[in-house]
Amino acid sequence: RELVALDARTGRVAWREALAAVEQRTSAALGPLIVSGNEAAAVTPDGTRLVLAGAARPGAVDASLGVAVLDLATRAPVGYLGPLAVATDGMASVRPSAAFPAGLVVVAGARPVPPGRSAVGRLFLFDGATLALRDSVTLVPATTDRWGAVARVVAAPDGRAVYV
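Draft legend 1. Highlighting the sheet that holds strand 9 (residues 119–127). Taken in spatial order, the four strands of this open sheet run 7-8-9-10, and their pairing is antiparallel. At either end of the open sheet lies a strand with only one pairing partner, and these are strand 7 (85–94) and strand 10 (133–143). Between one strand axis and the next, the sheet turns by 15° as a mean value, whatever way the strands run.

Printed below as a string of structure tokens:
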């Protein structure tokens, strides 16, 4: 389990780090965090943080999956969004606009529900700077799929549309 950054200008590895080392830098205020990126990953619109789906907070009341927020300068976990089950490739960064001056991080998925209950597939809109939840849009009103029966999010380069 490793996090690798490539320099897009040269195609060379800029840095690599074991996720276990990243997890050890979690602050006491944030608590223990298991970091993954198996479901999805995106960079915030300002380029300062990496959001990785498939994170978990062991021992917490909401021990289900969520999203780890890493500071790219230090590679330390600085936040957690959840609980939230994120669809495969279900995150994208949306550039700033008049409506969202800091841009958005959009996430396709569902809030976890108890077994036997229906999940609601949604597109969650997180503020690009604060990562506060700004809004959500229901895509699938009821499903037994824990990820909300949604997948893959792609943001248009001009920031005018998000495709799910």
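After that view, the rundown keeps rolling.
Draft legend 2. Fine view of the side chain of Asp 7. Tracing the backbone shows Asp 7 in strand 1 (residues 2–7). If we ignore the near neighbours within four places in the chain, the residues touching Asp 7 are Arg 12 and Ala 14.

Draft legend 3. Representation of unusual backbone geometry in the model. Pro 83 follows Gly 82 through a cis peptide bond whose omega is 5°. Of note, the phi angle at Leu 131 is positive, near 60°, even though the residue is not glycine. Here Leu 131 is to be found in the loop between strand 9 and strand 10. A relative accessible area of 7% means that Leu 131 is categorised as buried. Look at Ala 149: it is not a glycine, yet its phi comes out positive at around 60°. By the secondary structure assignment, Ala 149 is in the loop between strand 10 and strand 11 (154–155).

Cut-off values and rules
- Sequence order as written defines residue numbering, which begins from 1 separately in each chain.
- The predicted origin of the model limits local features to residues at a pLDDT of at least 70 and limits the giving and counting of side-chain atom pairs to 80 or more, whereas totals for whole chains, interfaces and linings rest on all residues.
- Each side-chain value is worked out from all heavy atoms of the structure, with water and hydrogens disregarded.
- In this scheme, strands are said to pair when DSSP sees at least two bridges between them.
- Every helix listed is a DSSP run of H or I at least four residues long, and every strand listed is a run of E at least two residues long, numbered separately from the N terminus.
- Throughout, an axis means a line fitted to C-alpha atoms (over the contacting stretch in the case of helices), and angles, computed between N-to-C directions, take values from 0 to 180 degrees.
- Residues are treated as being in contact if the distance between any of their heavy atoms lies within 4.5 Å.
- For each residue, the accessible area found with a 1.4 Å probe, counting protein chains only, is set against the maximum for its type, and the residue is called buried under 20%, exposed over 50%, and partly exposed in between.

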